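Observations on the three-dimensional arrangement
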Amino acid sequence: MHPILKLVAQRIALGLLLLLAVSLLIFLGTEALPGDVAQAILGQSATPEALANLRESLGLNRPAYVRYFDWLGGILTGDFGVALTNGQDIGQAIGQRLGNTLFLAACAAVISVPLAILLGLIAARYNGRWPDKVISGVTLSTISLPEFVAAYFVIFLLTQVFPIFQPVAMVFPGMGFWERLQAVALPVIVLVLVVLAHMMRMTRAAILNVMQSAYIETAELKGLSPMRVIWQHAFPNAIAPIVSVVVLNLAYLVVGVVVVEVVFGYNALGQYLVDHVAKRDLPVVQAVGLIFAAVYIGLNILADVIGIVSNPRLRHPK
Amino acid sequence: MKMPLSALIGLILTGLFLFCAIFAQWIAPYPLDAVIGGVWEAPSERHWLGTDTIGRDILSRMIYGGQITIFVALASSLLSFGLGSFLGFLAAVKGGWIDQGVSRLVDLMMAIPSLIVALVVLSVLPINLTVLIMVMGLLDATRVFRLSRAVAMDITVMDYVEAAKLRGEGQSWIIFREILPNALSPLVAEFGLRFIFAVLFISTLSFLGLGIQPPLADWGGMVKENKDGLIYGKSAALMPALAIALLAISVNLVADWILSRTTSLKGGRGG
Amino acid sequence: MADLLEIRNLRIEATSYPPGEPPRDVVLVDNVSVSVAKGKVLGLIGESGAGKSTIGLSAMAYGRGGVRLTGGQIILNGRDIRGMGPAGLRALRGREVTYVAQSAAAAFNPAKRLMEQVIETTLSHGLMARAEAEARAVMLFGKLGLPNPETFGNRYPHQVSGGQLQRAMTAMALCPKPDLVIFDEPTTALDVTTQIDVLAAIKEAIHDTGVAALYITHDLAVVAQVADDILVLRQGKKVEYGPVRQIITDPHEDYTRALVSVRSIDHEEKAAAPAVLSVQNVTARYKGTNFDVLKNVTVDLPAGQTLAVVGESGSGKSTLARAITGLLPPSQGRITFAGRALSGALQERSKDDLRELQMIYQMADTAMNPRQTVGTIIGRPLEFYFGMGGEAKRRRVQELLDQIEMGKGYIDRYPAELSGGQKQRVCIARALAAKPKLIICDEVTSALDPLVADGILKLLLNLQAQEHVAYLFITHDLATVKAIADKIAVMYRGQVVRYGSKTDVLTPPFDDYTDLLLSSVPEMRLGWLEEMLAHRKMESAGN
């Protein structure tokens, strides 16, 4: 087997192992904390009958490891269990909302990725001069903002000062693509703002790192045109770090979605999670938490795999 | 050494925030929960920043809210910092199974976004100040651990540390006299960043309704209380949002300055 | 005939940004004039900071990182290139003038095959068709002694050795048939024996292609082998400029004389004495490997004398030091020190064992804690071993500073405020403070400029005479060995291949490796390279 395939296989296997460990962490983090889970969920005023019922439905009478493997086995076969609060099938509920979350994240990614790379290139090209300073200064301040603060500034600006948009983002089944796009415009702007700064700064750093290499000087001393230096010598070496920057920030985007969904009342996975944390609906929290973790880990694996595949030292071993 | 303007502004603002937080009880013009006016009144001489969703003075609530926000953030960043840097140094100096064990556990915890972990854990834990500080502190300690371990690792491979080992120096001399003075500047700057992170984190949790619970008030929770006003053009929710952003930016400016000042410092005097 | 390159009154400046102070302009090169005729080689020589690379790159009108050519003329092929625009410079770079960097490993693009990079300029300037360019590259690979010239270009930079990359970079520079090649310390990063092969290959290639060259180095003996003329530089100014024979045999300036006579310390071998350190059959390997880095090493070091351990990188000489200091406990064998058996692991040694065995490192920069003052650094062993404190300690530190010829005013300074040579002196004082019987010196002069290194060696010899301390002197540089050793051990791939008194080791008949090593040390005379290549028995270890 080519050594690079082996490395990629190893990385993926490691990722799966990590996911397994994370599932255990989520399970332990919710069910093995000190104290009685049923009591924690229902509060101090709960009646003994209610506590007994809850223990029964959570299966708390059985040993923890049995419950863990039941839970894991169920998830692997697509059975996420039912919600405590309304008895709804969790798998179904997630299925309806996952699409909405991915739609929102995808819209934000489609805008922010090219924009971040472009701005990063400009900032690196004019390193230390005014375009760089302006871009870096603006992004530095947006990095200091939490998602919901950025969201309300944007809402105030675009619905009150310049009334262009509606402050809520309602989506429902059967909506046309264009309507849907209009509905998510505001949350997408917020997400782009939040993720752009990180992505652009990391892109800039990656490009500068490559541009300062000795082989770029060699290319310049060969009398090559600036375009040729960039395309033939900088680009092949910069692509891996940039792609991994982009993918890492997409992973960050997936988390940013949670808060933005709550701000705009957007009916999707993040909103679903936060609602059920407040209601202390354990099976829902476990399932949705695991899905967010899986997406995050998956994107991180992807970033690593791209890094491995694009490394000439690994592609052409000695 | 001359202080750049940005750092000076950052320092003054940070100082102002801290002053308001410490002396909140004396500065705030009205009590935290007193309803003293109409709903969402515009700023006036009596209420400099107007009133909130049920007619409480926003300025007073912001001053008290700042106290809670800063207290929780400071406590959790002290916890994360103490724990993270202690374990990081220990892992770097001792190596072996201690290093392996803690590092793998940290890898695991960092494989999931902290907000998700916090949400999962808070779904079963009672939500009060102690739990919030512990959860945030533990989650953030992973980042401090990574940094301090890396910094200490870089220093332990230096020849001067080897020279101290060859001289026969004990573990405590090596940690406190050889490694710590050289690790201090990145760690101090990191403390600033961890503090900002904690401010943003607690505000986000409160905004989601899972952080500071009423009757206590904090900035994130105040945004939540007043967010509906925005639809009617009432800017009450923006005041605490602005405070969060301003505090984060000013601490950032100070941390940046400390980092650049100490890395460019040659001999170490005055550091 | 007009010269190919003529530099007149060149002035080069840069802006420096000292932390906490306003930026200021510094002059890197001041009023330097020099010329190179077609097919001739000019050597540029000087210590670090002399401005030699800066002058070299000015022949392409290139300034590294904010360096500006602010005065004078650079006339190449009859026109001043200093005033040329970017397009004109692009047409010139890589066509009329090409460049060979010190570290070819960093100068090649890791993502592209060597052949693509070697012929790139030739194609982009439209000088030859691809097939013709590739044929020329293969011819150059062969001429430069690269293995399998036909297929060599298919490899990626990380797939070939450092010495081979340096030759490949030379091929890249020669491929477009330039008028002038700038060699910027092309052999400095290589092992001694490899350095000679690459030097010989470069010399032959220059000769065969008839190209002119600027050869930049800090090693006068190296440049004497390839140059026709030499320009000696110091702190950006000309010291002396003349034909190579005059510079080597009849230098006019004091500084040049010092460079020529460097490393010619006369050191009489001392008479036999009882051993202070005795290493018997020591074998060692690093944790988690199954390869012995030291194999059955046996050496003795007489009290108050110097044992030089020589070898190239990977020979195991630094590992021997680690075994003796206890950082790497040997798997077999025993070490006796000052009449008692030394336990393998550092933790089990007594405070006296630790005190009497001190160490000095190659990089004085990293051997001192940047947050401690000179007084703290030297004072710590006094406090730690002898319980000294207060005024007594300070007085003793000052005595030690006097001994290393640094005098007053340094005790409260930080390492960053000292020069390279001063830093190494402070490290010597720190070792002396423990009143050791043995100091292990690990390449202590190899990071220093030749004249500074000379000063350190003389100091070490003086201190040995005063304090009767023994040195285990680890080095790759035979000139240093000749200057300081009483006994010599030659190491090759983890074993001692030759060991004995200095005279015995340096007197023929030699084993093959010692012969190669001895003959690879550049000598300060003309024609040495050719003689050496004709006589040696073994190919260099790097090939």
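Here is what the cut-offs are and how they apply
Residues numbered from 1 in each chain as written. Chains lettered and ligands numbered in written order. Predicted model: local features only at pLDDT ≥ 70, side-chain atom pairs only at ≥ 80, totals over all residues. Helix = DSSP H or I, 4+ residues; strand = E, 2+ residues; numbered from the N terminus. Buried ≥ 20, exposed ≤ 12 C-beta atoms within 10 Å, placed from the backbone. Contact = placed C-beta atoms within 7 Å. Rg over C-alpha atoms; globule rule 2.2 N^0.38 Å. Axes fitted to C-alpha atoms, helices over the stretch in contact; angles between N-to-C directions. Parallel < 35°, antiparallel > 145°, perpendicular 65-115°, else oblique. Left-handed = near helix turned anticlockwise from the far one by under 90°. Nonpolar A, V, L, I, M, F, W, Y, C, P; charged D, E, K, R; others polar. UniProt positions renumbered as here; feature names shortened; annotations may be inferred. Domains from an automatic or database assignment. Pairing = 2+ DSSP bridges. pLDDT = per-residue confidence, 0-100. Core = buried A, V, L, I, M, F, W, Y, C linked by C-beta atoms within 7 Å.

1. Notes on the overall build of chain B
Assigned secondary structure in chain B consists of 10 helices and 0 strands. Along chain B, helices and strands appear, N-terminal first, in the series α-α-α-α-α-α-α-α-α-α. In terms of overall dimensions, chain B has C-alpha extents of about 75 × 50 × 30 Å along its principal axes. A buried classification covers 49% of the 271 residues belonging to chain B. Taking the contacts inside chain B whose residues are at least 6 apart along the sequence as the reference set, 66% of them involve residues at least 24 apart.

2. Observations regarding the overall build of chain C
Helix and strand counts for chain C stand at 22 helices and 20 strands. Against the globule reference of 24 Å for 543 residues, chain C gives a C-alpha radius of gyration of 26 Å, in line with a compact fold. Taken along the three principal axes of its C-alpha coordinates, chain C extends 75 × 55 × 45 Å. Taken across its 543 residues, chain C has 48% of its residues classed as buried. Taking as baseline every contact in chain C between residues at least 6 positions apart, the subset at least 24 positions apart corresponds to 69%.

3. As for the packing of helix 7 (residues 147-161) of chain A against helix 10 (residues 226-264) of chain A
Two quantities define a packed helix pair, namely the angle between the helix axes and the distance between the axes. Residues and elements named next belong to chain A. Where helix 7 meets helix 10, the axes come as close as 9 Å, and the angle between the chain directions of the two elements is 40°. Taken as axis vectors, helix 7 and helix 10 run oblique relative to one another. The handedness of the crossing between helix 7 and helix 10 is right-handed. Residues Glu147, Phe148 and Ala151 of helix 7 lie in contact with helix 10, whose contacting residues are Gly256, Val259, Val260 and Val263. Residues belonging to the contact of helix 7 with helix 10 are distributed by class as follows: 5 nonpolar, 1 polar and 1 charged.

4. Considering the interface of chain C and chain B
With 20 residues of chain C at the interface, the matching set in chain B holds 16 residues. Of all the secondary-structure elements, those providing two or more residues to the side of chain C that touches chain B are helix 13 (351-356), helix 14 (364-367) and helix 15 (374-386) of chain C. A per-class count over the side of chain C that touches chain B returns 13 nonpolar, 4 polar and 3 charged.

5. Description of the interface of chain B and chain A
Across the contact, 36 residues belong to chain B and 39 residues belong to chain A. Every element with two or more residues in the side of chain B that touches chain A is listed here: helix 5 (114-122), helix 8 (171-207) and helix 10 (238-263) of chain B. Tallying contributions element by element places helix 10 of chain B first for the side of chain B that touches chain A, with 7 residues. Class assignment for the residues of the side of chain B that touches chain A results in 28 nonpolar, 7 polar and 1 charged.

6. Description of the UniProt feature "domain: ABC transmembrane type-1" (unreviewed entry) in chain B
Mapped onto the present numbering, the UniProt feature "domain: ABC transmembrane type-1" (unreviewed entry) falls on residues 66-255 of chain B. With 81% helix and 0% strand, the stretch residues 66-255 of chain B has end C-alpha atoms that lie 20 Å from each other.

7. Remarks on the domain arrangement of chain C
For an interface, size is often stated in terms of accessible area lost upon the parts coming together. All names here are of chain C. What the domain assignment reports for chain C is domain 1 (5-260) and domain 2 (275-507). Here the C-alpha centroids of domain 1 and domain 2 sit 37 Å apart. The partner domain 2 presents 6 residues to the 8 residues of domain 1 that form the contact. Within the side of domain 1 that touches domain 2, the residues separate by chemical class into 3 nonpolar, 3 polar and 2 charged.

8. Digging into the UniProt feature "transmembrane region" (unreviewed entry) in chain B
All names here are of chain B. Following the UniProt record, the feature "transmembrane region" (unreviewed entry) maps to residues 68-93, 105-125, 195-216 and 236-259 here. End C-alpha atoms of residues 68-93 are separated by 37 Å, and the span's content is 100% helix alongside 0% strand. A distance of 21 Å separates the end C-alpha atoms of residues 195-216, which is 59% helix and 0% strand.

9. Things to note about the sheet that holds strand 5 (residues 79-80) of chain C
Residues and elements named next belong to chain C. Judged by pairing direction, the sheet is antiparallel, and its 4 strands sit side by side in the order 2-1-4-5 without closing on themselves. The open sheet is flanked by strand 2 (24-36) and strand 5, the only strands paired with a single partner. Here 2 bridges tie strand 4 (residues 68-76) to strand 5, and the two strands are oriented antiparallel to one another. Residue pairing for strand 5: Ile75 is matched across the bridge by Asp80.

10. Considerations on the packing of helix 15 of chain C against helix 17 (residues 420-433) of chain C
All names here are of chain C. Where helix 15 meets helix 17, the axes come as close as 7 Å, and the angle between the chain directions of the two elements is 20°. Taken together, helix 15 and helix 17 sit at an angle that is classed as roughly parallel. For the pair helix 15 and helix 17, the sense of crossing is right-handed. Two secondary-structure elements touch here, helix 15 through Val374, Ile377, Ile378, Pro381 and Leu382 and helix 17 through Val426, Ala429, Arg430 and Ala433. Looking at side-chain class alone, the contact of helix 15 with helix 17 contains 8 nonpolar, no polar and 1 charged residues.

11. With respect to helix 5 of chain B
With 8 of 9 residues buried, helix 5 of chain B is to be regarded as a mostly interior element. Looking at helix 5 of chain B, one finds that the buried residues are Leu115, Ile116, Val117, Ala118, Leu119, Val120, Val121 and Leu122 of chain B. Considering only its buried residues, helix 5 of chain B is in contact with helix 1 (3-31), helix 10, helix 11 (269-278) and helix 12 (282-309) of chain A together with helix 6 (129-156) and helix 8 of chain B.

12. Notes on the sheet that holds strand 18 (residues 470-475) of chain C
Residue and element names in this part refer to chain C. What the 6 strands build is an open sheet, ordered 16-17-18-13-19-20; its pairing is mixed. At either margin of the open sheet sits one strand with a lone partner, and together these are strand 16 (357-360) and strand 20 (495-501). Here the strands of the sheet are splayed against their neighbours by 15° on average, with no regard to which way each runs. Judged from the 5 bridges that link them, strand 17 (residues 438-442) and strand 18 form a sheet pairing that is parallel. Across the sheet, the residue bridging to Asp442 is Ile474, located in strand 18. Where helix 17 meets the sheet, it contacts strand 16 and strand 17, and its direction lies at approximately 175° from that of strand 16. Here helix 21 (residues 512-519) sits on the sheet in contact with strand 13 (306-310), strand 19 (487-492) and strand 20, set at roughly 105° to strand 19.

13. Digging into helix 7 (residues 159-167) of chain B
Of the positions making up helix 7 of chain B, those classed as buried are Asp159, Tyr160, Val161, Ala163, Ala164 and Lys165 of chain B. Buried residues in helix 7 of chain B make contact with helix 6 and helix 8 of chain B together with strand 16 and helix 14 of chain C.

14. Considering the UniProt feature "domain: ABC transporter" (unreviewed entry) in chain C
Mapped onto this structure's residue numbering, the UniProt feature "domain: ABC transporter" (unreviewed entry) falls at residues 10-260 and 277-518 of chain C. The span residues 277-518 of chain C shows a helical share of 40% and a strand share of 24%, and its end C-alpha atoms are spaced 26 Å apart.

15. A closer look at the pairing of strand 10 (residues 237-243) of chain C
Residues and elements named next belong to chain C. The pairing of strand 9 (residues 229-234) with strand 10 spans 6 bridges and is classified as antiparallel. Among the inter-strand pairings, Ile230 is bridged to a residue of strand 10, identified as Gly242. Connecting strand 9 to the antiparallel partner strand 10 that follows it, the hairpin turn spans 2 residues, and Gln235 within it adopts a positive phi of roughly 45°.

16. Overview of the pairing of strand 20 of chain C
Residue and element names in this part refer to chain C. Examined bridge by bridge, strand 19 and strand 20 share 6 bridges and lie antiparallel to one another. Residue pairing across strands places Ile488 opposite Gly500, the latter belonging to strand 20. Linking strand 19 back to strand 20 in an antiparallel pair, the connection comprises 2 residues, with Arg493 at a positive phi of about 45°.

17. What to know about the environment of Lys437 of chain C
Residues and elements named next belong to chain C. Locating Lys437 in the fold gives a position in the loop between helix 17 and strand 17. As a C-alpha pair, Lys437 and Leu277 span 160 residues in sequence and 9.4 Å in three-dimensional space. Contacts of Lys437, omitting those with residues within four sequence positions, involve Val276, Ala303, Ala338, Glu356, Val469 and Ala470.

18. Remarks on the confidence of the model for chain B
Residue and element names in this part refer to chain B. Residues with a pLDDT of 70 or more make up 95% of chain B, whose mean pLDDT is 84. By mean pLDDT, helix 10 is the weakest element of chain B at 81, and helix 7 is the strongest at 92. A low-confidence stretch, residues 264-271 stays under pLDDT 50, and its non-local contacts, those more than four residues away or across chains, total 14 contacts.

19. Thoughts on the confidence of the model for chain C
Put simply, chain C has an average pLDDT of 88, and 97% of its residues get 70 or more. Among the prediction metrics, the complex's ipTM stands at 0.83, with pTM recorded as 0.80.

20. Concerning the nonpolar core
Counting residues in hydrophobic clusters, the biggest one holds 138 residues, and the most contacted among them are Leu191 of chain A together with Leu119 and Val199 of chain B. When residues in this core are grouped by element, the largest group, 18 residues, is from helix 8 (residues 177-211) of chain A. Ignoring sequence-local partners within four residues, the contact set of Leu119 of chain B consists of Leu273, Val274, Val277, Val285 and Gly289 of chain A together with Leu210 of chain B.

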